[in-house]
Amino acid sequence: MTDQPPPPTPPDGPGVPGGPPPGWDPTQSGWGTPQVPPQGWAFPPTGGYPPGAGPYPGQQWYPGAPVGWYPPGHGFDPNDALVTPPGMGIGGWFARCAGALRRGWRLLVPIMLITQVLPAAVLGVISLGVDPSAGWAAQVEPGSPSELPETFVTDLVTVLSVVIVGSLLIGLVQAVGWAAGSWVITRQAAGEPVGVGPALRYGVRRALGLWGWTLLVSLLIGVGVCFCVLPGIYLAFALSMAGPVYLFERQNPIGRSFRMFHDRLGLLLGRVALVAAAVIVATLIPSVLEGIISAPLGPDPLASPGTAVGIVLVTGVAAVLALPAHLAQLIGLLVTYAEQRAHEVPVNSAGLAAELR
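These numbers come from a predicted model, not from an experiment.

Student: An account of a nonpolar patch on the surface is requested, with residue identities and associated values reported.
Tutor: On the surface, Ile 280, Val 281, Leu 284, Ile 285, Val 288, Leu 289, Ile 292, Ile 293, Val 317 and Leu 321 cluster together into a nonpolar patch covering about 920 Å² of accessible area. Where the nonpolar patch is concerned, the elements lending two or more residues are helix H8 (265-294) and helix H9 (305-321). Among the elements that take part in the nonpolar patch, H8 stands out by supplying eight residues, more than any other. By the element assignment, Val 281 lies in helix H8.

Student: Which residues make up the environment of Pro 296, and what values do they have?
Tutor: Looking at where Pro 296 falls in the secondary structure, it is placed in the loop between H8 and H9. For Pro 296, a relative accessible area of 69% gives the class exposed. For Pro 296 and Thr 307, which are eleven residues apart along the polypeptide, the C-alpha to C-alpha distance reads 9.3 Å.

Student: Provide a residue-level description of the pattern of salt bridges, including the pertinent values.
Tutor: Going through the model one piece at a time under the given rule, you end up with seven salt bridges. In this structure, the salt-bridge partner of Glu 249 is Arg 341, at a minimum N-O distance of 3.8 Å. Of this pair, Glu 249 sits in helix H6 (residues 242-249) while Arg 341 is found in helix H10 (residues 323-344), placing the two residues 92 residues apart along the sequence. According to the relative accessible area criterion, Glu 249 is buried, its value standing at 19%. With a relative accessible area of 9%, Arg 341 lands in the buried category. Between Glu 355 and Arg 341 there is a salt bridge; the shortest N-O distance is 2.8 Å. Here the residue Glu 355 occupies a position in helix H11 (residues 349-355), and Arg 341 occupies one in helix H10, the gap between them amounting to 14 residues. No difference in accessibility class separates Glu 355 from Arg 341, as the two residues are buried. Sharing partners across several salt bridges, the network here consists of Glu 249, Arg 256, Arg 264, Arg 341, Glu 344 and Glu 355.

Student: I'd like a rundown of unusual backbone geometry, residues and numbers included.
Tutor: Residues other than glycine seldom take positive phi values, yet Cys 228 does so here, at roughly 65°. Note that Cys 228 resides in the loop between helix H4 (196-226) and helix H5 (230-238).

Student: Just give me the short version of the nonpolar core, but keep the residues and values in it.
Tutor: Of all hydrophobic cores here, the largest spans 51 residues; its most connected members are Ile 185 and Leu 247. Where this core is concerned, the elements lending two or more residues are helix H1 (89-130), helix H3 (152-189), H4, H5, H6, helix H7 (253-263), H8 and H10. With near-sequence residues (within four places) excluded, Ile 185 lies in contact with Leu 82, Ala 100, Leu 108, Leu 330, Ile 331 and Leu 334. In this structure, Val 217, Leu 239, Ala 242 and Ile 254 belong to the second largest nonpolar core, which totals five residues.

Student: Break down the packing of H5 against H7 for me, with residues and values.
Tutor: The contact between H5 and H7 brings their axes to 8 Å, and the two run at 95°. Classified by the angle their axes make, H5 and H7 are roughly perpendicular. Taken together, the residues of H7 that come into contact with H5 (itself represented by Tyr 234, Leu 235, Phe 237 and Ala 238) are Ser 257, Phe 258, Phe 261 and His 262. A per-class count over the contact of H5 with H7 returns six nonpolar, two polar and no charged.

Student: Lay out the confidence of the model for the protein with the relevant residues and their values.
Tutor: Here the protein averages 82 in pLDDT, while 75% of its residues score no lower than 70. Per-element confidence in the protein is highest for H6, whose mean pLDDT is 97, and lowest for helix H2 (residues 133-139), whose mean pLDDT is 66. Considering only residues more than four positions removed or in separate chains, one finds that residues 40-75, a stretch of pLDDT under 50, has 36 contacts.

Student: Please set out the side chain of Arg 256 residue by residue, giving values where relevant.
Tutor: Position of Arg 256 relative to the elements: it lies in helix H7. A relative accessible area of 9% places Arg 256 in the buried class. In contact with Arg 256, other than residues within four places in its own chain, are Val 245, Glu 249, Gln 251, Arg 341 and Glu 344.

Student: Residues and numbers for the packing of aromatic side chains, please.
Tutor: One pair of aromatic rings is described through two measures. These are the centre distance and the angle between the planes. What the rule picks out here adds up to five aromatic pairs. Geometrically, the ring pair formed by Trp 93 and Phe 94 is edge-to-face, given 5.1 Å between the ring centres and 70° between the ring planes. Residue classification places Trp 93 among the buried positions, given a relative accessible area of 3%. Of the residues examined, Phe 94 reaches a relative accessible area of 45% and is grouped as partly exposed. One aromatic cluster is present, formed by Tyr 234, Phe 258 and Phe 261 through successive ring pairs.

Student: Account for the environment of Pro 86, naming residues and giving values.
Tutor: Position of Pro 86 among the secondary structure elements: in the segment before H1. According to the relative accessible area criterion, Pro 86 is buried, its value standing at 17%. Pro 86 sits 254 residues away from Gln 340 along the chain, and the two C-alpha atoms are 8.9 Å apart.

Student: Account for H9, naming residues and giving values.
Tutor: Spanning 17 residues, H9 covers 24 Å between terminal C-alpha atoms, matching the ideal 24 Å at 1.5 Å per step. Of the surrounding secondary structure, the elements contacted by the buried residues of H9 are H1, H8 and H10.

What counts and what doesn't
Residue numbers run consecutively from 1 along every chain, following the written order of its sequence. Given that the model is predicted, a residue must reach a pLDDT of at least 70 before its local features are reported, and side-chain atom pairs must reach 80 or more before they are shown or counted; all residues, however, enter totals for whole chains, interfaces and linings. Heavy atoms throughout the structure, all of them, feed into the side-chain values; hydrogens and water do not. Patch membership requires more than 30% relative accessible area and the absence of a salt bridge. Residues of like charge join within 9 Å; the nonpolar side chains Val, Leu, Ile, Met, Phe, Trp and Tyr join within 5 Å. Only the protein chains shown count as cover for residues, and the accessible areas themselves come from Shrake-Rupley with a 1.4 Å probe. Salt bridges are identified by distance alone: a Lys or Arg side-chain nitrogen within 4 Å of an Asp or Glu carboxyl oxygen. We count a stretch as a helix when DSSP gives it H or I for four or more residues in a row; a strand needs E for two or more, and each element gets its number in order from the N terminus. Remark: exposure states derive from per-residue accessible area (1.4 Å probe, protein chains only) relative to the maximum for the residue type, with buried under 20%, exposed over 50%, and partly exposed in between. Take the buried Ala, Val, Leu, Ile, Met, Phe, Trp, Tyr and Cys residues and link them wherever side-chain atoms come within 4.5 Å; each set so joined is a nonpolar core. Any two residues having at least one pair of non-hydrogen atoms within 4.5 Å are treated as being in contact. Inter-axis angles, ranging from 0 to 180 degrees, are taken between N-to-C directions of lines fitted to C-alpha atoms, where helices are fitted over the stretch in contact. Between 65 and 115 degrees an angle is taken as roughly perpendicular, under 35 as roughly parallel, over 145 as roughly antiparallel, and anywhere else as oblique. Any residue that is not Ala, Val, Leu, Ile, Met, Phe, Trp, Tyr, Cys, Pro, Asp, Glu, Lys or Arg is counted as polar, Gly included; the first ten are nonpolar and the last four charged. Along the chain, pLDDT gives the predictor's confidence residue by residue, from 0 to 100. The rule is short: rings of Phe, Tyr and Trp, with Trp giving its six-membered ring, pair when the centres are within 6.5 Å, and they are stacked under 30 degrees, edge-to-face over 60, tilted in between. Working rule for helices: expected span equals 1.5 Å times residues minus one.

Structure, rendered in structure tokens:
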């Protein structure tokens, strides 16, 4: 009798080379024991959902990872304190603006008072001191054929010189505040230590470059306003990201801001419009109050000690009341910039904080 080879041993499972045994079903865990797949199970486990059809209604699906999972140390984190992930909408943007204000107001308020409010109040008082309108009214006699006073040109040159030079100097101080405030907001979002002193030192180190780019942006917007206003408004929106781009990326702020604006026109236009509306309202109210209160002090309030003290107080209070405008502009534009970066590549607060050096 001829010896026959023994029959082959059945494979232990589908992972054995050669394929699964006949009749194997992925819905069964053993030999014929039916198993119900877990709810929401799909094969393959990654990349198996069509775009926009994740297991949670309304949540965008990013191929390559389960919905709701984010690689450690990278972007698209729904809990990031500064960066609004794509798809979270205006609610996520508002939440991050409010969070930045809630975390940083104790540091941001003194920084803004030193670098924004105080310089504005000083320039306002100096402008009143060189304002020649009261002297012009006294020089022009009623019924005189000449409508301009003799010192009109000299006085006008003096006023313009004071305003232009003062504005340039204030712009440099304000650049310190914008850089320092951005440093505080970003590092707080990343959980890093902050302080008024270190923030101002960082602001001083970055102020000159930021001031230069701000002057160029202001010049472009001013030229645009001269061409029927609308080009100036367009440039103001298109160049709104130039400051943050310089602080975080240090290259081509104007070109990058234009590209961000046109790549996501509706999103950036809406965010910047909200910031602009908040700034206009927060600036207009103090200006109106200042005009109403200072009107009884006369055309030359610095002529007597009593009215001089009054106008200085009024100017200072109006500058302090404009503080919310400075905070809204700083926080709103910075959070908008972080959101734009998230649309380009995954990024988080820690990564942005590392770029502020």
